[in-house]
Amino acid sequence: MIYTEIEAVGEACSPQQDRDFLVFLQSQIDRIKAFIVRNSDTTQAALEEQQRQVRASEAHRSSVSCQPDSESMQMYNAIKSVDRRQIIADMDKLLEVDREPVANPCL
């Protein structure tokens, strides 16, 4: 859901300027969702509903979230600044072995 929140910030704050990044981010979210569906009882519909709720929440907060010094924009810009090849490599590593999805596999 962190990537979904980041995507929601981008959609609310700079949907046209960052279109390429947002499409890339959605592709990574789709990979995560496929992993979750494949390795759990969660359905695609349930994940879509969670994403909808996150997006709605972020849209509600967008006036505050879009301020350059807000936590949301700082997180957005931090993820956006990472080389996409690195994001893909990190995602490949996280998703390479089927297992029960957890909130934070890095812990």
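Computed from a predicted structure; not experimentally measured.

### Considerations on the overall build of the protein chain
Part 1: Each helix and strand in the protein chain was counted, giving five helices and zero strands.
Part 2: Ordered by position from N to C terminus, the α and β elements of the protein chain give α-α-α-α-α.
Part 3: Relative to its length of 107 residues, the protein chain is compact, with a C-alpha radius of gyration of 14 Å against a globular reference of 13 Å.
Part 4: C-alpha atoms of the protein chain, sized along the principal axes, occupy 40 × 30 × 25 Å.
Part 5: Sorting the 107 residues of the protein chain into buried and exposed places 31% on the buried side.
Part 6: Of the roughly 6,800 Å² that the protein chain leaves accessible, carbon and sulfur atoms contribute 55%.
Part 7: Distance between charge centres in the protein chain, computed from 12 positive and 18 negative side chains, equals 3 Å.

### As for helix α1 (residues 2-13)
Part 1: Under the 1.5 Å per step criterion, the end-to-end length of α1 is 16 Å for twelve residues, consistent within 8% with the ideal 16 Å.
Part 2: The complete set of buried residues in α1 reads Tyr 3, Thr 4, Ile 6, Glu 7, Ala 8, Val 9, Gly 10 and Cys 13.

### What to know about the state of the cysteines
Part 1: Inspection of every chain in the model, using the stated rule, returns one disulfide.
Part 2: Here Cys 13 is linked by a disulfide to Cys 66, with a sulfur-sulfur distance of 1.9 Å. Around the S-S axis, the bridge from Cys 13 to Cys 66 shows a dihedral of about -90° and counts as left-handed. Linking Cys 13 in helix α1 with Cys 66 in the loop between α3 (44-65) and α4 (71-81), this pair joins segments that are 53 residues apart in sequence.

### Regarding the pattern of salt bridges
Part 1: Applying the stated criterion across every chain yields a total of ten salt bridges.
Part 2: Each of Asp 30, Lys 33 and Glu 48 takes part in salt bridges that share partners, so that together they form one network.

### Here's the deal with the side chain of Asn 39
Part 1: Structurally, Asn 39 can be placed in the loop between α2 (19-38) and α3.
Part 2: The exposure class of Asn 39 is buried, given its relative accessible area of 18%.
Part 3: Within the local environment of Asn 39, its side chain forms a polar contact with the backbone nitrogen of Arg 99, the two atoms lying 3.3 Å apart.

Conventions and cut-offs
Residues numbered from 1 in each chain as written. Predicted model: local features only at pLDDT ≥ 70, side-chain atom pairs only at ≥ 80, totals over all residues. Heavy atoms only, no water. Helix = DSSP H or I, 4+ residues; strand = E, 2+ residues; numbered from the N terminus. Rg over C-alpha atoms; globule rule 2.2 N^0.38 Å. Buried < 20%, exposed > 50% of the residue type's maximum accessible area, 1.4 Å probe, protein only. Areas by Shrake-Rupley, 256 points an atom, 1.4 Å probe, with all protein chains shown as cover. Lys, Arg positive; Asp, Glu negative; His and termini not counted. Charge placed at Lys NZ, Arg CZ, Asp CG, Glu CD. Expected span 1.5 Å × (residues − 1). Disulfide = S-S within 2.5 Å. Salt bridge = Lys/Arg side-chain N within 4 Å of Asp/Glu carboxyl O. Polar contact = N/O pair within 3.5 Å; in protein donor to acceptor, adjacent residues only side chain to side chain.

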